[in-house]
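Coordinate inspection notes
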Amino acid sequence: MEPFRFHNPTTLYYGKGQIEKHLADEVLKIGRRVLLLYGGGSIKRFGLYDKVMNILKDAGVTVFELGGVEPNPRLTTVYKGIEMCRQNDIDLILAVGGGSVLDCGKAIAMGVKFDGDVWDIYQRKAQATGALPLGTILTLAATGSEMNAGGVITNWETKEKLGAGSPYTYPAFSFCDPENTFTVPRDQTVYGICDMLAHCFEHYFHSTPHAPLQRHLIEGVMRTIVEYAKRVVDNPTDYDARETIMYCSTMALNGMISMGIVGDWACHAMEHEVSAVYDIPHGGGLAILFPHWMDYVKGTNPARFASLAKNVFLVDGTGKSDEELADIAIEKVREFYREIGAPQRLADYGIGDDQLERMAAQAVRFGEIGHFRKLGKEDVLNILRASL
Ligand SMILES: NC(=O)c1ccc[n+]([C@@H]2O[C@H](COP(=O)([O-])OP(=O)(O)OC[C@H]3O[C@@H](n4cnc5c(N)ncnc54)[C@H](O)[C@@H]3O)[C@@H](O)[C@H]2O)c1
Ligand SMILES: [Fe+2]
């Protein structure tokens, strides 16, 4: 296991009734002027907006609103939010939604305390110098953004999608009530499942040797996702299934399972180039890319793939070589994606061969990507071509 430092200041509330019980106190600990950040109309349609507004008003909080945060949130919205916070002397951003709203909240929070263009932080030209406090209410199980410091923003002008994080951008508090995910449409539920599984894959197929407990934790989360995915996709109001999948998404991307596993990720780096240009759902892009990436790198470490087959897909490995098990594991991954109805090809989103060269070059502009096997531009291009 690599040496590591772990710190996570987020207070996490999980389950039914926690918002009613604790939201007002958590907000008042920080201040009385709140920017409420949300996406489309779904939180108004299913009643969460009214619930939150009533709690805040009863607590004597002054609320400013910024709705319409896009999926794959855009830099222009971040700028708008920074301006609103500065003009209205905001104490706390309360982000209510999926990963896009939460990530947008993190970018606004950093931008308010940054003396310059916040995009410089995403371009790795500058480091964050602070952030306004952020609280979150999660409505979609996918990203783990509720308990990590990272966030991803799209610059639609330059067609770039970049991630950044800082010690300042952990949410101060996050509320995860599975009932708030009941209304997530079938396709978004699928994309969320693909994203959380992808986070596990990025940890699992890492060159850093896993400590035994780490390996068990990651495999446990993956096995649970595989076991519950179909149930939650087919039964959107099955509380136990929603709760299990939500817990998996938080676990899949917070330091508790990935301690010491750091570095650039392979498929996320590629996917960001795809969704920066085509605005495709993040989890859908990952589901398309992963099997092809796996085919491409399996020879580097067949034993890790064999463990995936045996410990996640429960394949009987008796008499089979690691190479055979690696092929079985990849087929199992493909079968899983097919069963839940994940997208299969980049071409289904209108992506053509003519775009791939630029995407590949962009994906490696900060250096080679991935740790399991380092990928340069040609490797990325091969994987993108196979995924078309
Ligand atoms: N911060 C991180 O650690 C991290 C990790 C992975 C991905 N990301 C980024 O997060 C973004 C994706 O976030 P996401 O997958 O959570 O999806 P999202 O936030 O983009 O939401 C997808 C769609 O679902 C809708 N929605 C959300 N909750 C709903 C509900 N309860 N009922 C009905 N509709 C609902 C939204 O309005 C939106 O249209 C991408 O930009 C991705 O790159 C961030
Ligand atoms: Fe992701």
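Residues numbered from 1 in each chain as written. Chains lettered and ligands numbered in written order. Predicted model: local features only at pLDDT ≥ 70, side-chain atom pairs only at ≥ 80, totals over all residues. Heavy atoms only, no water.

Before going further, it helps to examine the coordination of the iron ion (ligand 2). Surrounding the iron ion (ligand 2) are the protein donor atoms Asp195 (OD), His199 (NE2), His268 (NE2) and His282 (NE2), at 2.1 to 2.2 Å. Angles of 82 to 169 degrees at the metal separate the four donor atoms of the iron ion (ligand 2), which places the site in the irregular class. The sequence pattern describing where the donors of the iron ion (ligand 2) fall on their chain is D-x3-H-x68-H-x13-H. With Asp195 in helix H7 (residues 186-204) and His282 in helix H12 (residues 282-297), this residue pair connects regions lying 87 residues apart in the sequence. Judged by relative accessible area, His282 falls into the buried class, the value being 16%. (Donors = N, O, S within 2.8 Å, 3.2 Å for Na, K, Ca; no water. Tetrahedral: all angles 85-135°; square planar, octahedral: opposite > 155°, others 65-115°. Helix = DSSP H or I, 4+ residues; strand = E, 2+ residues; numbered from the N terminus. Buried < 20%, exposed > 50% of the residue type's maximum accessible area, 1.4 Å probe, protein only.)

On to the site of ligand 1. Contacts to ligand 1 come from 28 residues, most closely from Gly99, Ser100, Asp103, Thr139 and Thr183. Here a nitrogen atom of ligand 1 and a side-chain polar atom of Asp103 are 2.9 Å apart. One nitrogen or oxygen atom from the main chain of Gly150 is found 3.1 Å from a nitrogen atom belonging to ligand 1. Secondary-structure elements contributing two or more residues to the shell around ligand 1 are helix H5 (99-112), strand S6 (150-155) and H7. A class-by-class count of the residues in the shell around ligand 1 yields nine nonpolar, 16 polar and three charged. (Near = heavy atom within 4 Å. Polar contact = N/O pair within 3.5 Å; in protein donor to acceptor, adjacent residues only side chain to side chain. Nonpolar A, V, L, I, M, F, W, Y, C, P; charged D, E, K, R; others polar.)

Turning next to the side chain of Asn72. Inspection of the secondary structure puts Asn72 in the loop between strand S3 (62-66) and helix H4 (75-88). On the basis of relative accessible area, Asn72 is assigned to the buried category, the value being 10%. In terms of polar contacts, Asn72 uses its side chain to reach the side chain of Asp279, at 2.9 Å. Beyond its immediate sequence surroundings of up to four residues, Asn72 is in contact with Ser100, Thr154, Lys161, Ser275, Asp279 and Ile280. (Contact = heavy atoms within 4.5 Å.)

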